[in-house]
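# Architecture and fold: a report
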Amino acid sequence: MPPTRVCIIGSGNWGSAIAKIIGKNVQRSNRFDPIVKMWVFEEIINGKKLTEIINKDHENVKYLPGHKLPHNVVAVPDTVEAATGADILVFVLPHQFISRICDQIAAHMKPGAFGISLIKGVDEGPEGLKLISDIIREKLKIEVSVLMGANIASEVADEKFCETTIGCKNEKHGQIFKELMQTPNFRITVVDDCDTVEICGALKNIVAVGAGFCDGLNFGDNTKAAVIRLGLMEMVAFAKLFCRGSVSIATFLESCGVADLITTCYGGRNRKVAEAFVRTGKSIEELEKEMLNGQKLQGPQTSAEVYKVLKQKNMVDKFPLFASVYQTCYEGRVVQEFISCLQNHPEHM
Ligand SMILES: NC(=O)c1ccc[n+]([C@@H]2O[C@H](COP(=O)([O-])OP(=O)(O)OC[C@H]3O[C@@H](n4cnc5c(N)ncnc54)[C@H](O)[C@@H]3O)[C@@H](O)[C@H]2O)c1
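Residues numbered from 1 in each chain as written. Predicted model: local features only at pLDDT ≥ 70, side-chain atom pairs only at ≥ 80, totals over all residues. Heavy atoms only, no water.

## Notes on the overall build of the chain
Put simply, the rule reads: Only DSSP runs of H or I covering at least 4 residues are called helices, and only runs of E covering at least 2 are called strands; the numbering of each starts at the N terminus. Using C-alpha atoms as the atom set, the radius of gyration is obtained and then compared with a globule rule of 2.2 Å times the number of residues to the power 0.38. It only takes one pair of heavy atoms within 4.5 Å for two residues to be counted as in contact. For every accessible area listed, the method is Shrake-Rupley and the probe measures 1.4 Å; residues are considered covered only by the protein chains on display. His is not counted here, nor are the chain ends, while Lys and Arg score as positive and Asp and Glu score as negative. The atoms used to mark charge sites are NZ of Lys, CZ of Arg, CG of Asp and CD of Glu.
Each helix and strand counted, the chain has 16 helices and twelve strands in total. The C-alpha radius of gyration of the chain comes to 20 Å, within 12% of the 20 Å expected for a compact globule of 349 residues. Projected onto its principal axes, the C-alpha coordinates of the chain cover approximately 60 × 45 × 40 Å. Residue pairs at least 24 apart in sequence account for 73% of intrachain contacts in the chain once pairs closer than 6 positions are excluded. If you sum the accessible surface of the chain, you get close to 14900 Å²; carbon and sulfur atoms cover 51% of it. Across the chain, the centroid of the 40 positively charged side chains sits 2 Å from that of the 41 negatively charged ones.

## Regarding the pattern of salt bridges
Cut-off, in case you're wondering: Take a side-chain nitrogen of Lys or Arg and a carboxyl oxygen of Asp or Glu: if they are within 4 Å of each other, that pair is a salt bridge. A 1.4 Å probe rolled over the protein chains alone gives each residue an accessible area, and that area as a share of the maximum for its type sets the label: buried under 20%, exposed over 50%, partly exposed in between.
Tallying each qualifying case throughout the model produces 24 salt bridges. The salt bridge involving Asp-57 is made with Lys-56; its shortest N-O contact spans 3.6 Å. Look at Lys-56 and you get exposed, because its relative accessible area is 63%. Among the ionic pairs, Arg-333 bridges to Glu-337, the shortest N-O distance being 3.2 Å. The partly exposed category is assigned to Arg-333, whose relative accessible area is 23%.

## Regarding the packing of aromatic side chains
Using the following cut-off: For Phe, Tyr and Trp, rings pair up if their centres lie within 6.5 Å, where Trp contributes its six-membered ring, and each pair is then called stacked (planes under 30 degrees apart), edge-to-face (over 60) or tilted (otherwise). Lysine NZ or arginine CZ positioned within 6 Å of the ring centre and within 35 degrees of the ring normal marks a charge as sitting over the ring.
A full pass over the atoms with the stated rule returns eleven aromatic pairs. Measuring from ring centre to ring centre gives 5.8 Å for Phe-213 and Phe-277, while their planes differ by 35 degrees; the resulting arrangement is tilted. On the criterion of sequence distance, the pair formed by Phe-213 in helix α8 (residues 194–216) and Phe-277 in helix α12 (residues 269–280) is long-range, its members being 64 residues apart. For the pair Phe-213 and Phe-277, a shared accessibility class is recorded, and that class is buried. Within the aromatic cluster, the residues linked to one another by ring pairs are Phe-238, Phe-242, Phe-319 and Phe-322. In this arrangement the basic side chain of Lys-224 is found over the ring face of Tyr-266, its NZ or CZ atom lying 4.1 Å from the centre.

## A short note on the UniProt feature "active site" (unreviewed entry) in the chain
Selection criterion: UniProt positions are given in the numbering used here, feature names are shortened, and annotations may be inferred rather than shown by experiment.
Mapped onto this structure's residue numbering, the UniProt feature "active site" (unreviewed entry) falls at Lys-204. Here Lys-204 is to be found in helix α8. Setting aside residues no more than four positions away along its own chain, Lys-204 makes contact with Lys-120, Met-235, Asp-260, Leu-261 and Thr-264.

## Points about the UniProt feature "binding site: substrate" (unreviewed entry) in the chain
In this numbering, the UniProt entry assigns the feature "binding site: substrate" (unreviewed entry) to Lys-120, Arg-269 and Asn-270. Of the residues just listed, which span 151 residues, no C-alpha pair is farther apart than 13.0 Å, and they cluster in one region. On the secondary structure map, Arg-269 appears in helix α12. With a relative accessible area of 26%, Arg-269 lands in the partly exposed category.

## Some remarks on the side chain of Ser-29
Going by this rule: Residues adjacent in sequence count toward polar contacts only when both atoms are side-chain atoms; beyond that, a polar contact is any pair of N or O atoms within 3.5 Å, and within protein one must be able to donate a hydrogen and the other to accept it.
Along the polypeptide, Ser-29 turns up in the loop between α1 (13–28) and β2 (32–39). For Ser-29, a relative accessible area of 15% corresponds to the buried category. Separated by 3.0 Å, the side chain of Ser-29 and the backbone nitrogen of Arg-31 make a polar contact. Within the structure, Ser-29 has its side chain in polar contact with the side chain of Glu-179 (distance 2.8 Å).

## Here's the deal with the nonpolar core
Inclusion rule: Here, nonpolar core refers to any group of buried Ala, Val, Leu, Ile, Met, Phe, Trp, Tyr and Cys residues whose side-chain atoms link them within 4.5 Å.
Counting 54 residues, the largest nonpolar core has Ile-199, Phe-213, Met-235, Phe-238, Leu-321, Phe-322 and Phe-338 as the members making the most contacts within it. When residues in this core are grouped by element, the largest group, eleven residues, is from α8. Those residues in contact with Leu-321 that sit more than four places away from it in its chain are Val-207, Val-227, Leu-230, Gly-231, Glu-234, Phe-338, Cys-341 and Leu-342. In terms of nonpolar packing, the next biggest core, distinct from the first, is built from 41 residues, Ala-19, Leu-50, Phe-114 and Ile-176 among them.

Laid out in structure tokens, this is it:
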């Protein structure tokens, strides 16, 4: 059997952290080709190309400074060159770029190739929401699994213990993904409830914006816990509305569910920017530019996509927390009113 070639599409904060794991794991197993190509969106950093910096110094100085990448991870600026010949494609880039990248590589898929998406977010489709994995499936005609969990990239890169969830319907692929990405400090559980795993990864970012509002408004930990619980209830209700097949509540108890929700509501960038939104009065767009050094926010955009679907289905009232996050970010709703979506939540009526 020829060795399995792996390509990583994306090289931001999470992309670089997972490249560190994948680069090491492929060297330990004789299943994989030891060279891992990583597509890098080319940028000039202090007069030098980011790809050249990564290939010479083995560090993504912009998105994961202070961490060395294994030498067998090779940065490639061209999408087609990166994806050609790959048996496994790992998608890890902000969701707004996925369609364009898939269009570029669609004609170059190796027969039998399959993928996994680490992307948290959703897109708009003609009938409402579209999962990112569905965009990849449709454009590339490959099987796609998902990986989501309580995985703040910098902590994973520091090799601090965490868990993650892979949603995968193909048992053989699930095993290969485990071999590719599991380490003693990055423990993977595979479940077959893929849509739920993926929708959890997108929706928790909306709840995190609500948690950030609480911090900005100096509400205490009790209030934040209420936001997390009510947010989780809305996540479950939305998943039941949206996911194909049955939605298993057990999936919400995996890392992709309650664990990711907690970590994002305490540590993530969506929470941080939402807190600053309250304290500074600046717009979300301004703060994203100012605070994130090129990293992208997911929560506000996901709230807009979800809100559209809820409106179409006449169900805004059933999801007051999601709706309130959207209205506060984009429609000028006064953030001090945020508490009313908790007080008058259907859970309390
Ligand atoms: N960072 C985390 O802690 C974390 C953890 C788990 C999941 N995720 C998810 O992983 C996905 C990727 O996040 P990340 O943290 O790696 O990215 P990021 O937000 O750190 O980085 C932005 C990336 O986008 C690229 N980019 C910028 N402009 C572009 C353009 N015009 N076209 C294409 N690419 C462009 C940059 O090169 C960079 O690689 C997101 O869906 C995120 O929600 C992130």
